[in-house]
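# Structural overview
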Amino acid sequence: MNDKPRIILGIETSCDETGAAVYNLQDGLQSNVLFSQIDLHKAFGGVIPEIASRSQLEKINFIVQQALDDANVTLTDVDAIAVTHKPGLPGSLLVGLCFAKSLAWAQQISLIGVNHLDGHVFSSFLEHDVPFPHLCLTASGGHSSLYKIHSFTNIIEIATTQDDAAGEAFDKIAKLMNLPYPGGPVIEQLSQQANFVDFYNYPRGKKNILDFSFSGLKTAVLYDLVKKNAYDMQTKTFLADDNLELKQQVASSLLVCVKDIFINKLSLALKQQTDVQAITFVGGVACNNYLKKELRAFAKKRNLKFFTPSRQFCTDNAAMIAFVGAQKLKRGDESPLSLDIF
Ligand code: KG4
Ligand code: ZN
């Protein structure tokens, strides 16, 4: 490594956010800019891939320029471009990757492909010194996994979801009740109004299996709503728009259930992984204050440290991509210009 500060431009376009960030290997994060397309997709109750990629194309130039301006650098100062190349929506990923490749080629600098999930897994490191080995619970709209992290290069997935992700369960159940997308924030708000009481005792799934499964929970909530005459299966219509109390009770029971599922999986994992020093909780679902508080208390009881990123680094962002890119640059782990999406 030469003496020059190593400046990494991170680009994230895996789904419905356009992000760019500048990370300096000596001084840390210098800027982090994000455009969220949530308003474009709200009317559809979920992300529409074609709309997502078109919006990525419209925004990427401006977002990258903003990240450079905020960090007070120009492209000529940048030593490497880190970009999410997997996993994600193909059209969205392609916009970021093609943009990154063009910049890397034009500037004759390194290109570093980053796995979006590695970004989430190490997002806590942007603000905290997290000890190895630790357990990382990643919960987002697309993923629910438990990893044992030994180092930046040694990540072992010890559990994943057999079907829906935790965030997806919030989104789908919110949709059942005509609540806006994304479901997580509104479910949290309604749960708070119901004081996080478990009214309906939804099923917690198989207790002795490490893998997650959330589709059964979604079905259980659906059947419970039908039983309460709040949902018509034939017309797929929610019939209780005016019943705020019901929505609060469903949301609250759902959140408490997801908390119990998370704690059960962590307990199981800790039985097997006795050398871990900390637990991290990352991904969009880690924005949830109730879950953070409960998981922090769980870790404390086990004498483990607990880390979770601030909100801006929980949901998709380019800072975490730039950070992982910086670690890869240190190791000389660069990518060829033939890098593809996945
Ligand atoms: O990490 P993220 O921004 O995107 C993916 O990579 O999926 O996560 C988005 C997910 C959505 O499913 C959303 O409902 C959930 O995170 N989410 C929340 C909260 N805020 C966002 N879930 C629970 N509570 C929240 N406060
Ligand atoms: Zn994500």
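The structure displayed is predicted, hence computed values, not measured ones.

Scoring rules and cut-offs
- Residues numbered from 1 in each chain as written.
- Chains lettered and ligands numbered in written order.
- Predicted model: local features only at pLDDT ≥ 70, side-chain atom pairs only at ≥ 80, totals over all residues.
- Heavy atoms only, no water.
- Donors = N, O, S within 2.8 Å, 3.2 Å for Na, K, Ca; no water.
- Helix = DSSP H or I, 4+ residues; strand = E, 2+ residues; numbered from the N terminus.
- Buried < 20%, exposed > 50% of the residue type's maximum accessible area, 1.4 Å probe, protein only.
- Phe/Tyr/Trp six-rings, centres within 6.5 Å; stacked < 30°, edge-to-face > 60°.
- Lys NZ or Arg CZ within 6 Å of the ring centre and 35° of its normal.
- Near = heavy atom within 4 Å.
- Polar contact = N/O pair within 3.5 Å; in protein donor to acceptor, adjacent residues only side chain to side chain.
- Domains from an automatic or database assignment.
- Salt bridge = Lys/Arg side-chain N within 4 Å of Asp/Glu carboxyl O.
- Expected span 1.5 Å × (residues − 1).
- Contact = heavy atoms within 4.5 Å.
- Buried area = accessible area lost by both parts, 1.4 Å probe.
- Axes fitted to C-alpha atoms, helices over the stretch in contact; angles between N-to-C directions.
- Parallel < 35°, antiparallel > 145°, perpendicular 65-115°, else oblique.
- Left-handed = near helix turned anticlockwise from the far one by under 90°.
- Nonpolar A, V, L, I, M, F, W, Y, C, P; charged D, E, K, R; others polar.

## Remarks on the coordination of the zinc ion (ligand 2)
For the zinc ion (ligand 2), the full set of protein donor atoms is His116 (NE2), His120 (NE2) and Asp316 (OD), at a range of 2.0 to 2.1 Å. All donors to the zinc ion (ligand 2) come from one chain, and their sequence spacing reads H-x3-H-x195-D. Of this pair, His120 sits in helix H4 (residues 116–121) while Asp316 is found in the loop between helix H10 (311–314) and helix H11 (319–331), placing the two residues 196 residues apart along the sequence. The burial state of His120 is the same as that of Asp316; both residues are buried.

## Notes on the packing of aromatic side chains
Within the structure shown, the criterion is met by 15 aromatic pairs. Note on Phe122 and Phe152: the rings are 4.9 Å apart at their centroids and 55° apart in plane angle, and the pair reads as tilted. Of this pair, Phe122 sits in the loop between H4 and strand E6 (134–139) while Phe152 sits in the loop between strand E7 (144–149) and strand E8 (155–159), and the two are 30 residues apart along the sequence. The class for Phe122 is buried, based on a relative accessible area of 3%. Positioned over the ring face of Phe35 is Lys59, at 4.6 Å from the centre of the ring.

## Overview of the site of ligand 1
Taken together, 20 residues sit near ligand 1, with Gly141, Asp171, Gly184, Glu188 and Asn288 positioned nearest. In this structure, an oxygen atom belonging to ligand 1 sits 3.2 Å away from a main-chain N or O atom of Gly167. With respect to ligand 1, the side chain of Asp171 contributes an N or O atom lying 2.7 Å from an oxygen atom. Secondary-structure elements contributing two or more residues to the shell around ligand 1 are H4, helix H5 (166–176) and helix H6 (183–193). Element by element, the count of residues in the shell around ligand 1 is highest for H6, at four residues. Both domain 1 (7–122 + 315–330) and domain 2 (131–308) contribute no fewer than three residues apiece to the shell around ligand 1.

## Thoughts on the pattern of salt bridges
Evaluated as defined, the whole model comprises 10 salt bridges. Here Lys172 ties to Asp164 by a salt bridge, and the two come within 3.3 Å at their closest N and O atoms. Taking relative accessible area as the criterion, Lys172 reaches 30% and is therefore assigned partly exposed. Judged by relative accessible area, Asp164 falls into the buried class, the value being 8%. In this structure, the salt-bridge partner of Asp224 is Lys228, at a minimum N-O distance of 2.8 Å.

## Topic: helix H3 (residues 90–107)
Over its 18 residues, H3 runs 25 Å from end to end, which matches the ideal 26 Å to within 8%, given 1.5 Å per residue. Taken as a whole, H3 has its buried residues at Ser92, Leu93, Val95, Gly96, Leu97, Phe99, Ala100, Leu103 and Ala104. On its buried side, H3 packs onto strand E1 (7–12), helix H2 (49–70), strand E4 (80–86) and strand E5 (110–115). Just beyond H3, the residue with positive phi is Gln108, at close to 55°.

## A short note on the domain arrangement of the protein
Domains assigned within the protein are domain 1 (7–122 + 315–330) and domain 2 (131–308). The C-alpha centroid of domain 2 is placed 28 Å from the C-alpha centroid of domain 1. Between domain 1 and domain 2, the contact holds 16 residues from the first and 17 residues from the second. Considering only the surface of domain 1 that becomes buried against domain 2, His120, Val121 and Phe122 emerge as the three largest contributors, covering 39% of it. The interface formed by domain 1 and domain 2 includes zero salt bridges.

## Quick look at H5
H5 sits mainly inside the fold: eight of its 11 residues count as buried. Listing the buried residues of H5 in full gives Ala166, Gly167, Ala169, Phe170, Asp171, Ile173, Ala174 and Leu176. Once H5 ends, the next one or two residues include Asn178, with phi positive near 60°.

## Section: the side chain of Thr18
In this fold, Thr18 is placed in strand E2 (residues 17–24). Side chain to side chain, Thr18 and Gln56 meet in a polar contact 2.7 Å long. Setting aside anything within four residues of it in sequence, one finds Thr18 in contact with Glu12, Thr13, Val33, Leu34, Phe35, Gln37, Gln56, Lys59, Ile60 and Ile63.

## Side note on the packing of H2 against H3
It is at 8 Å that the axes of H2 and H3 come closest, and there the two elements cross at 30°. The angle between H2 and H3 falls in the class roughly parallel. The chirality of how H2 crosses H3 is right-handed. For the pair H2 and H3, contact is made by Ala52, Ser53, Gln56, Leu57, Ile60, Asn61 and Val64 and by Gly91, Ser92, Val95, Gly96, Phe99 and Leu103, respectively. Here the residues of the contact of H2 with H3 sort into seven nonpolar, six polar and no charged.

## Comments concerning the side chain of Ser145
Looking at where Ser145 falls in the secondary structure, it is placed in strand E7. Only 3.3 Å separates the side chain of Ser145 from the side chain of Thr160, close enough to count as a polar contact. Setting aside anything within four residues of it in sequence, one finds Ser145 in contact with Cys136, Leu137, Thr138, Glu157, Ala159, Thr160 and Phe212.

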